[in-house]
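# Overview (structure and organization)
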Amino acid sequence: MPKAPVNPQKNAVALAYSQTDTAPRVVARGRGLVAEQIIARAREHGVYVHESAELVSLLMQVDLDQHIPPQLYLAVAELLAWLYRLENGQAASPPPRLSAAAEATLKP
């Protein structure tokens, strides 16, 4: 009997960072329809949506309103630096990929 096609649910995580935070915080996360709404709201407000299944998978493990773990600092910092360059018209390279160290440390 043939298997039904797999329809993986989309996941999304929203991060926020302010000068008073010690690290970025997870402010929204969800699957399926909730993920689609998170992405739609971000785009409505001009927030860049980075599509990295690996990073989202790791961030889905972080509880809401919690800071990202130190193992993800480098990956998120590289993404934020790339976004800063993009917003200032300096980014010509593709977005950064998740570092192997972060991926190995936080495997789901």
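Below is a summary of the structure that appears in this document. The structure displayed is predicted, hence computed values, not measured ones.

### Some points on the overall build of the protein chain
Looking only at helices and strands, one finds four helices and two strands in the protein chain. Along the protein chain, helices (α) and strands (β) appear in the sequence β-β-α-α-α-α when read from the amino end. Sorting the 108 residues of the protein chain into buried and exposed places 31% on the buried side. Intrachain contacts of the protein chain at a sequence separation of at least 6 include 60% that bridge at least 24 residues. Summed over all atoms, the accessible surface of the protein chain reaches about 7,700 Å², with 54% contributed by carbon and sulfur.

### Section: the side chain of serine 52
Here serine 52 lies in the loop between α1 (33-44) and α2 (53-59). Engagement of the side chain of serine 52 in a polar contact is seen with the backbone nitrogen of leucine 55, the distance being 3.2 Å.

### Looking at the pattern of salt bridges
Applying the stated criterion across every chain yields a total of three salt bridges. Its salt-bridge partner being aspartate 65, residue arginine 25 comes within 2.4 Å of it at the nearest N-O pair. Residue arginine 25 is located in strand β2 (residues 25-31), and its partner aspartate 65 is located in the loop between α2 and α3 (73-87); the two are separated by 40 residues in the primary sequence. Through salt bridges with shared partners, one network takes in Asp21, Arg25 and Asp65.

### Topic: the nonpolar core
Generally speaking, soluble globular proteins have nonpolar side chains that are buried together. If you look at the biggest cluster of nonpolar residues, it comprises 16 residues, and the most contacted ones within it are Val13, Leu55, Leu59, Ile68, Leu72 and Leu79. Of all the secondary structure elements, the ones that give two or more residues to this core are α2 and α3. Ala12, Ile38, Ile39 and Val49 belong to the second largest nonpolar core, which has six residues in total.

### Some details on the environment of threonine 22
Inspection of the secondary structure puts threonine 22 in the loop between β1 (11-16) and β2. C-alpha separation for the pair threonine 22 and histidine 67, spaced 45 residues apart in sequence, amounts to 7.7 Å. Other than its neighbours up to four places away in sequence, threonine 22 contacts Tyr17 and His67.

### As for the environment of threonine 20
Within the fold, threonine 20 resides in the loop between β1 and β2. With relative accessibility at 72%, the residue threonine 20 sits in the exposed group. Looking at threonine 20, its side chain comes within polar contact range of the side chain of serine 18, at 3.0 Å.

Cut-offs applied
Residues numbered from 1 in each chain as written. Predicted model: local features only at pLDDT ≥ 70, side-chain atom pairs only at ≥ 80, totals over all residues. Heavy atoms only, no water. Helix = DSSP H or I, 4+ residues; strand = E, 2+ residues; numbered from the N terminus. Buried < 20%, exposed > 50% of the residue type's maximum accessible area, 1.4 Å probe, protein only. Contact = heavy atoms within 4.5 Å. Areas by Shrake-Rupley, 256 points an atom, 1.4 Å probe, with all protein chains shown as cover. Polar contact = N/O pair within 3.5 Å; in protein donor to acceptor, adjacent residues only side chain to side chain. Salt bridge = Lys/Arg side-chain N within 4 Å of Asp/Glu carboxyl O. Core = buried A, V, L, I, M, F, W, Y, C linked by side-chain atoms within 4.5 Å.

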